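Breakdown of the fold
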Amino acid sequence: QVQLVESGGGLVQAGGSLRLSCAASGHPFSTAVMAWFRQAPGKEREFVAAITRSGTPTYSDSVKGRFTISRDNAKNTVSLQVNSLKAEDTAVYYCASKPQVVATTAAEYGYWGLGTQVAVTS
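Below you will find a few notes about this structure. (Residues numbered from 1 in each chain as written. Predicted model: local features only at pLDDT ≥ 70, side-chain atom pairs only at ≥ 80, totals over all residues. Heavy atoms only, no water.)

Side note on the overall build of the protein chain
Within the protein chain, the regular secondary structure consists of zero helices and 11 strands. Along the chain direction, N to C, the helices and strands of the protein chain fall in the order β-β-β-β-β-β-β-β-β-β-β. The globule rule puts the C-alpha radius of gyration for 122 residues at 14 Å, and the 13 Å found for the protein chain is close to it. Judged by the C-alpha coordinates and their principal axes, the protein chain covers about 40 × 25 × 25 Å. Residues classed as buried in the protein chain amount to 42% of the 122 residues present. Intrachain contacts of the protein chain at a sequence separation of at least 6 include 57% that bridge at least 24 residues. Of the roughly 6,200 Å² of accessible surface on the protein chain, 49% is carried by carbon and sulfur atoms. (Helix = DSSP H or I, 4+ residues; strand = E, 2+ residues; numbered from the N terminus. Rg over C-alpha atoms; globule rule 2.2 N^0.38 Å. Buried < 20%, exposed > 50% of the residue type's maximum accessible area, 1.4 Å probe, protein only. Contact = heavy atoms within 4.5 Å. Areas by Shrake-Rupley, 256 points an atom, 1.4 Å probe, with all protein chains shown as cover.)

The structure is reproduced here in structure tokens:
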């Protein structure tokens, strides 16, 4: 059974930083594409970043230059360093995985965590 468990969310002032983590179990982590999505109240779930098994990242334009995705295949974890936070980054952040190829649409990811809340105060 695949499990993805996020941690690291919290309340932070604008301009601050957080490090989100996702621990994966129950699937071949080293071959999976891992991704972060976020969903703000009243909005659709949106792509944030993804990383291939070899470590190649993809970012949405809205976070490029501020967020950094990384993975540790030995520990089955993926992290998202979020810097220079803005009020519009407030959302529940979800970890997701799929095999093989990076995708930026939520529907293409088969496994999801329950999310971790990030709230940015201005």
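Observations concerning the environment of Asp61
Within the secondary structure layout, Asp61 lies in the loop between strand S6 (57-59) and strand S7 (67-72). For the pair formed by Asp61 and Ala23, sequence separation is 38 residues and the distance between their alpha carbons is 26 Å. Here the side chain of Asp61 touches Lys64 through a polar contact of 3.4 Å, side chain to side chain. (Polar contact = N/O pair within 3.5 Å; in protein donor to acceptor, adjacent residues only side chain to side chain.)

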